[in-house]
Every structure is written in C-alpha cells, then in structure tokens.
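Breakdown of the fold
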Amino acid sequence: MTTSELRADLLAVDYTVDRLQGLWGPLADQALARDNPVPAKRALTGTAHPAAVMARLFLLGEALTDDELDAALPATGARGLRARGLLDAAGRARVEVRPYSAVDHTGVVNWWVVSDHGEMVRRGPLSPDHVLGVGGASLTLAGLVPTSPARRVLDLGTGSGVQALHASRTAERLVATDLSTRALELAALTFELSGVTTVELRHGDMLAPVAGERFDRIVSNPPFVITPRDAGVDVLEYRDGGRVGDGLLRELITALPEHLEPGGTAHLLGNWEYPAGGDGLDRVRAWVDAAGLDAWVIERERQDVAEYAETWLRDGGVHRASDEFERLVGLWLDDFAARGVTHVGFGYLTLRRPADAAAPRMARFERVLTAASAGASGLGDAIAAGFAAHDAIAGLDDAAFARMHAAVAADVTEERHFWPGSEHPSVMRLVQGTGLGRVVELDTGLGAVVGASDGELPIGVIVDAVAGLLEVDAAALAAEVLPRLRELAVVGMITLDPGEFGDPGAS
C-alpha cells in the first residue's frame, strides 16, 4: 500500500468532519469529545457507508473483518493497511486517523491527523511515546498564531503535525521538529495523507535541530508540564520536557533571540510556577526581560499544586480511584514542596525579537479569565494588531495621539444598565465580541468620548467637546481618558487612523 492509495480512499468516501457529524449527529459528536463512544457506536450500527466503517476502525477502535475493510477502502484494503503497519492481526487500527477541518483567511480546508489512540480506545494508561492527536491545546495554539504570510516558520515539537498543517497555508518554508521519533513518523503520515508536501521534518531536543538558523515565526506547544524528576514517575514524551520545575519554558524563552529574525515572533503555550509569596507572571517577565524580547503574556488559569497534579495524572490515564493515583500525587506534591511552589499558572505567550532596539518595548503581562464564544480563535491576528497599535502610538506624546481619529471596533458593543425610573445609567461598559471577550467599565467622560468616536473627528476635538458638555476642565479630562484610549487601541476595542493630519508624529 502507498499512502496515496489510502488518501484516495479517504477522499473518495468523504471521510471528513462534516460527513461524520452527519452520520452520528450532534449528541454523539459532543459525547465523543468527552471520551464517551457509546452514542456514536449506536448511531453507526448497521450503517454501511464507507465513512462509517472508517470511523469505526480509526476513531472508535473496533475490530473489523477483512471483507468490511476491503469494501470500504478498495484502493488500500486490509492487506494494504497491514503492509503499512496500520492494522493488527485482530483487525484493529494501530493508529487513529482523524478528520480535521479548519477555516482561515484562505478558506475551508480538510486534513487527516494521524496519532495514537487515546484512553477511550486503549482502556489504560498512555505509553511513554504516546503521540497526541487534535485536542484543546492544539486548537488553542492554532488560534494564537497570526494568519499573515511568513517566509520561514518553525513548528517546535510538532507531535502529530497539527500546527505544521496550519502553517503550511502561509509559510514559504516550514521546518517541524520533535524529540520523539514516533511523533515524526506519524507526523509524516499526517502530511502525506493531507497532501502537504512543504514540511521538512527534523529530529532532536528543543532548538538543537535548528542550530544557527533563524525564523520569522516559531510556533510551539512545548512539553511544559511540570513533572517530578523521580524514577517512580513515568515520563510521557509529548508533555514532559525533562527539566526541573518550569525550567523548560525558561530555557526556551532564553534561546529564542538566537533563532528569531529581527521582528520575528514566537507563539507558545506554557506553565509557570508560583513560589510561596511570589508571582508566577513576574518569573516569566524576568525571563523575557533577560532575553530582550517584546512580550504579550496572558495567564488564562492558575491551579493549586494538588489540582495541577490531579489534572495531569488524569491526562495520562491514571484513574483517581487507585493506589497508583495516591502514590503519584504524593510524589508530585513532594516535588513542588521541595521548591516551595504553591500554584502553577497556564497561559499564552507571544514574544517578539525587536526590529529596532531603540523603539519602545511592548511588555504586557496580564491575567484574563474571560473569553469570547470562539475561545482563542483568531486571537493571533488580534494580538498582532495589538503589537502594531503599540508600535504606532507608543512613541507619540499626548498632543500627537490626540490628533488621531478613533472608531469603536466592529465587534465591540456598549451596554448600559439603568435602575428603574432612572434617567442616567448606573453601569456602562464596552463588551468585546471576539478574542478574549474583554469587558471594560466606562465612566461618564470615557463613555462620552468613546460613544462619539466614529472616525470622523480627531480624538482631541472630541475630548474638548465632551469637556464642554460636562462642564469640566478639558486638560484634566484629556489626562484621564487618553491613557485609557491608548489601552483600548492596543487590546482592539477601538481602531486608530491618522486621518487628514497625515503622520501623527509630525510636529
């Protein structure tokens, strides 16, 4: 069997996300996301559609007869699957082949991601060389990467190849690395089945496979999980980086400047520790400052160390109601206690090597627990726009900034809440409909300025007019609202344009 034959079979039967959702329906689809296969199995019982047969084989882990496989995959057949090592003697798939659909600025695309079966099919703990498929983290990271073209892109720790698939849509040259040889084997099959031919695969730890090379964009969901370095704790290659504590993330941030072109960016997920009495984001800030990078770091979640241990033990397939679970939790807690760690933060990092060392630094470190309904989808472009807004206004004094024209972003709405019978609102706020779904409280002055900002008049003219209406000092109002307007511009809640005044920095 050649991979092209299996690809032909997948295409011929429309083995796609939409097809499978149509076969088993939304309830079964939602149940599968929770690792419950029963509704999907029931829905496919008696269904002879070849896509259903493929789903039973590759997703649900059922044992099928050679006759069933030969009918569903005529180009490949059971013999071809066995020849490629994808089928065992009992007729069960050795790997998961999952349809994956994505939408970006170039349109809709359908791929197939090859990975190891998860706990739902394995019915036991994961093996040390387990290769993850499409999951929440991979979807989150994909949404954190800008969709703009890039000349050279590095997918560091490619796993089953999800990020490289996305990057192949915009990258001129793409390198994908992994320490796991099995991951590279399955990623190669992912690319072959998906018709992606532009990825160069390399084996090695962290940035070693690209020594001496620079990229315009680096994307990574590194093995950042903080796991005890104890002989009694199994290491899973896809998540455990082999460093003490959060040392892997520190090591990666420190090394990034050597591998980014000036102006190049890195887009990462990561964990960071909170020592007793300390702040985890301050730790990240210190690493970033030492590396001389611009940064926008968003902490999305913080767990106490007991909850953190529970989360990742469950992730590895260790059941809570077992002696092994209690033993391992004890080892994790001992490890954290040895370093005085009480909590662990998780979040998103967008880092940039400055193109101009003299330019004002971008340094945002924040906790944002809200999210728009689409989660991190499109957040990469929003953050890139935030960097651009920062670059445009950071060097402007208030007079120059006030000459710019502002307009409320298209996804932002204003909410007003009134007490019954009251003429004036008790609460005013701006609500962001995409990205992180920010909510910003407005006072009377800022609310009036934002409400009048439709791109027609310069900010300063609007501030003066609002000051007159409110009968307050214009200079005092400007001092109050201009910094907040700068912030709204960076987070994407207003857009800015120089307007008829041309270069806002001109005197």
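All values derive from a computational prediction rather than experimental measurement.

**Considerations on the sheet that holds strand β15 (residues 454–458)**
Taken together, three strands build an open sheet; the order of strands is β15-β11-β16 and the sheet is antiparallel. The two strands at the open ends of the sheet, each matched to only one other strand, are β15 and β16 (494–497). Put simply, the sheet's adjacent strands are angled 25° from each other on average, direction ignored. On top of the sheet, helix α18 (residues 459–470) reaches β11 (405–408), β15 and β16; it is set at about 80° to β15, its chief contact.

**As for the confidence of the model for the chain**
Averaged over every residue, the pLDDT of the chain is 92; the share at 70 or more is 96%. This stretch, residues 501–507, has a pLDDT under 50; its non-local contacts, to residues over four places away or in other chains, come to 10 contacts.

**Concerning the environment of proline 26**
Inspection of the secondary structure assignment puts proline 26 in helix α2 (residues 17–33). Distance from proline 26 to alanine 40, taken between C-alpha atoms, is 9.7 Å for residues 14 residues apart in sequence.

**Quick notes on helix α12 (residues 280–291)**
With 12 residues, α12 should cover 16 Å at 1.5 Å per step; its first-to-last C-alpha distance of 17 Å lies within 8% of that length. Within α12, burial applies to Gly280, Leu281, Val284, Trp287, Val288 and Ala291. All buried residues of α12 lie within an arc of 120° about the axis, which places them on one face of the element. Where α12 is buried, its residues contact α11 (247–255), β7 (260–275), β8 (294–304), β9 (341–352) and β10 (363–367). Two or three places before leucine 281, at the start of α12, stands the capping residue aspartate 279, its side-chain oxygen 2.8 Å from that residue's backbone nitrogen. Once α12 ends, the next one or two residues include glycine 292, with phi positive near 70°.

**Digging into the pairing of β8**
Across the 11 residues of β8, eight count as buried, placing the element largely inside the fold. Bridge count for β8 against β9 is 10 bridges, and the pairing is antiparallel. Within β9, the position partnered with arginine 302 by the bridge is glycine 345. Summarising the sheet, β8 and β10 pair through five bridges and their orientation is parallel. Paired with glutamate 299 across the two strands is arginine 367, which belongs to β10.

Rules used in this analysis
- Residues numbered from 1 in each chain as written.
- Predicted model: local features only at pLDDT ≥ 70, side-chain atom pairs only at ≥ 80, totals over all residues.
- Heavy atoms only, no water.
- Pairing = 2+ DSSP bridges.
- Helix = DSSP H or I, 4+ residues; strand = E, 2+ residues; numbered from the N terminus.
- Axes fitted to C-alpha atoms, helices over the stretch in contact; angles between N-to-C directions.
- Contact = heavy atoms within 4.5 Å.
- pLDDT = per-residue confidence, 0-100.
- Expected span 1.5 Å × (residues − 1).
- Buried < 20%, exposed > 50% of the residue type's maximum accessible area, 1.4 Å probe, protein only.
- Arc of directions from axis to C-beta.
- Polar contact = N/O pair within 3.5 Å; in protein donor to acceptor, adjacent residues only side chain to side chain.

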